[in-house]
Amino acid sequence: MVKLKCGIIYKNQESWYLPGRGVKKGETFEEAVRREFKEELDGELEELKLFGVYNNFYENKNDSIVVFICNDFTFTGKIDSEIEKYDYFKVEDLPEGISPGSRKRINEYLINSYPNVGRW
């Protein structure tokens, strides 16, 4: 088991994204983020703090996005088929190709501008 305090970003196709997926029927946002982290990286999250709530209207979507911060987690790194790969980066050394929404959230984090409500 690996225990880290760092930022994990997933890569799918040509871009890097903050981790996450959908909420299942009857599931809370917190339950969803814990389930997704378990499924995607075989990991466990400790205390979650709300970072922000956003609406995404890109490509005619009407998605609600809830972002949490977790500074204490463990994972084995065993990925599932939903992600191409993952990596962790220092905020001062981020890779090229981070999605615009993910980049905005990272910048908000850097200037302590949260919790937030707004457009993704």
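This report concerns the structure included in the present document. (Residues numbered from 1 in each chain as written. Predicted model: local features only at pLDDT ≥ 70, side-chain atom pairs only at ≥ 80, totals over all residues. Heavy atoms only, no water.)

A closer look at unusual backbone geometry
Link 1 in the chain: Look at the link from tyrosine 114 to proline 115: it is a cis peptide, with omega at 5°.
Link 2 in the chain: Looking at the secondary structure, you find proline 115 in the loop between helix H2 (100-110) and strand S9 (116-119).
Link 3 in the chain: Phi at aspartate 42 takes a positive value of approximately 55°, unusual for a residue other than glycine.
Link 4 in the chain: Mapped onto the elements of the fold, aspartate 42 is located in the loop between helix H1 (29-41) and strand S4 (43-45).
Link 5 in the chain: Here aspartate 42 falls in the partly exposed class, since its relative accessible area comes to 25%.
Link 6 in the chain: In this model, asparagine 112 sits at a positive phi of 55°, which is unusual for a non-glycine residue.
Link 7 in the chain: Here asparagine 112 lies in the loop between H2 and S9. (Helix = DSSP H or I, 4+ residues; strand = E, 2+ residues; numbered from the N terminus. Buried < 20%, exposed > 50% of the residue type's maximum accessible area, 1.4 Å probe, protein only.)

Description of the packing of aromatic side chains
Link 1 in the chain: Scanning the model with the defined rule gives eight aromatic pairs in all.
Link 2 in the chain: Note on phenylalanine 37 and phenylalanine 75: the rings are 6.3 Å apart at their centroids and 75° apart in plane angle, and the pair reads as edge-to-face. Placement of phenylalanine 37 in helix H1 and of phenylalanine 75 in strand S7 (residues 73-75) is noted, with a sequence separation of 38 residues between them. Across the pair, exposure class does not vary: phenylalanine 37 and phenylalanine 75 are buried alike.
Link 3 in the chain: A ring pair is formed by phenylalanine 75 and tyrosine 86, whose centres lie 5.4 Å apart and whose planes are at 85°; its orientation type is edge-to-face. Placement of phenylalanine 75 in strand S7 and of tyrosine 86 in strand S8 (residues 85-89) is noted, with a sequence separation of eleven residues between them.
Link 4 in the chain: Tyrosine 86 gets classed as partly exposed once you look at its relative accessible area, which sits at 23%.
Link 5 in the chain: An aromatic cluster of three or more residues is present, and its members are Phe37, Phe73, Phe75 and Tyr86.
Link 6 in the chain: The ring of tyrosine 54 is capped by arginine 105, whose NZ or CZ atom sits 4.0 Å from the centre of that ring.
Link 7 in the chain: A cation over a ring is seen here: arginine 105 above tryptophan 120, with NZ or CZ 4.8 Å from the ring centre. (Phe/Tyr/Trp six-rings, centres within 6.5 Å; stacked < 30°, edge-to-face > 60°. Lys NZ or Arg CZ within 6 Å of the ring centre and 35° of its normal.)

A word on the side chain of glutamate 27
Link 1 in the chain: If you trace the backbone, glutamate 27 turns up in the loop between strand S3 (15-17) and H1.
Link 2 in the chain: In this view, glutamate 27 contacts Gly22, Ala32 and Arg35; residues no more than four positions away in its chain are not counted. (Contact = heavy atoms within 4.5 Å.)

Some thoughts on the side chain of serine 99
Link 1 in the chain: When you line up the elements, serine 99 lands in the loop between S8 and H2.
Link 2 in the chain: Residue classification places serine 99 among the buried positions, given a relative accessible area of 8%.
Link 3 in the chain: Sequence-distant contacts of serine 99, that is, excluding residues within four places in its chain, are made with Trp16 and Tyr17.

Topic: the pairing of strand S6 (residues 63-69)
Residues in a regular strand project their side chains so that they alternate between the two faces of the sheet.
Link 1 in the chain: Two elements, strand S5 (residues 49-56) and S6, share seven bridges in a ladder whose sense is antiparallel. The residue bridging tyrosine 54 from the neighbouring strand is isoleucine 65, located in S6.
Link 2 in the chain: Where S5 folds back onto S6 in an antiparallel hairpin, the turn is made up of six residues, including glutamate 59, whose phi is positive at roughly 55°. (Pairing = 2+ DSSP bridges.)

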